[in-house]
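As a plain string of letters, each chain reads:
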Amino acid sequence: DVRVRWTPRLADDRQVGRPIPEQYIVVLKDDGTEARGRTRALLRRYAVDVEPLHVYEGALKGFAARLPAKAVEKLKDDPAVAFVEQDQEVQLSQ
């Protein structure tokens, strides 16, 4: 069982990838419940009419979505949220 954590940043904390405007990854604190229902509830609460682009239910629980700035700030303060990061495009080369 090997676990790898990919953090696309340089040593001086600059981002490696190109940020995707208004698109974020929201990681939920793991409370043992399924992510899909929690995602729907959070989006209803803070970002009316936003559908998740993807729901993560494996190694981490959370979702990716296009979100207005106001919703991002509210999600960052929500006790159910571990962290919010701007989504970005990265390229891997061999």
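Everything discussed here concerns the structure shown above.
Note that the structure is a prediction, hence the values are computed from the model and not measured.

Colleague: I tried to follow the pairing of strand S3 (residues 61-66) on my own but got confused; where do I start?
Modeller: Looking down a regular strand, the side chains alternate between one sheet face and the other. S3 sits mainly inside the fold: 5 of its 6 residues count as buried. Judged from the 5 bridges that link them, strand S1 (residues 18-28) and S3 form a sheet pairing that is antiparallel. Pairing of Ile25 across the sheet is with Ala64, part of S3. Pairing of strand S2 (residues 54-57) with S3 involves 4 bridges; the strand directions are antiparallel. Note that in S3 the partner of Glu57 across the bridge is Lys61. Connecting the antiparallel pair S2 and S3 is a turn made up of 3 residues.

Colleague: Would you explain the pattern of salt bridges in this entry?
Modeller: Note that side chains of opposite charge can pair when their charged atoms are close. Going through the model one piece at a time under the given rule, you end up with 6 salt bridges. For Arg38, the salt bridge goes to Asp31, with nearest N and O atoms at 3.0 Å. Given a relative accessible area of 14%, Arg38 falls into the buried group. Its salt-bridge partner being Lys76, residue Glu73 comes within 3.8 Å of it at the nearest N-O pair. With Glu73 and Lys76 both in helix H2 (residues 69-77) and 3 residues apart, this pair spans about one turn of that helix.

Colleague: Explain H2 here, please?
Modeller: Think of an α-helix as turning once every 3.6 residues; residues three or four places apart then point the same way. Residues Ala71, Val72 and Leu75 constitute the buried set of H2. All buried residues of H2 fall inside an arc of 105° around its axis, so they share one side. Looking at H2, the residues exposed on the side facing more than 90 degrees away from the buried face are Ala69, Lys70 and Asp77.

Cut-off values and rules
- Residues numbered from 1 in each chain as written.
- Predicted model: local features only at pLDDT ≥ 70, side-chain atom pairs only at ≥ 80, totals over all residues.
- Heavy atoms only, no water.
- Buried < 20%, exposed > 50% of the residue type's maximum accessible area, 1.4 Å probe, protein only.
- Helix = DSSP H or I, 4+ residues; strand = E, 2+ residues; numbered from the N terminus.
- Pairing = 2+ DSSP bridges.
- Salt bridge = Lys/Arg side-chain N within 4 Å of Asp/Glu carboxyl O.
- Arc of directions from axis to C-beta.

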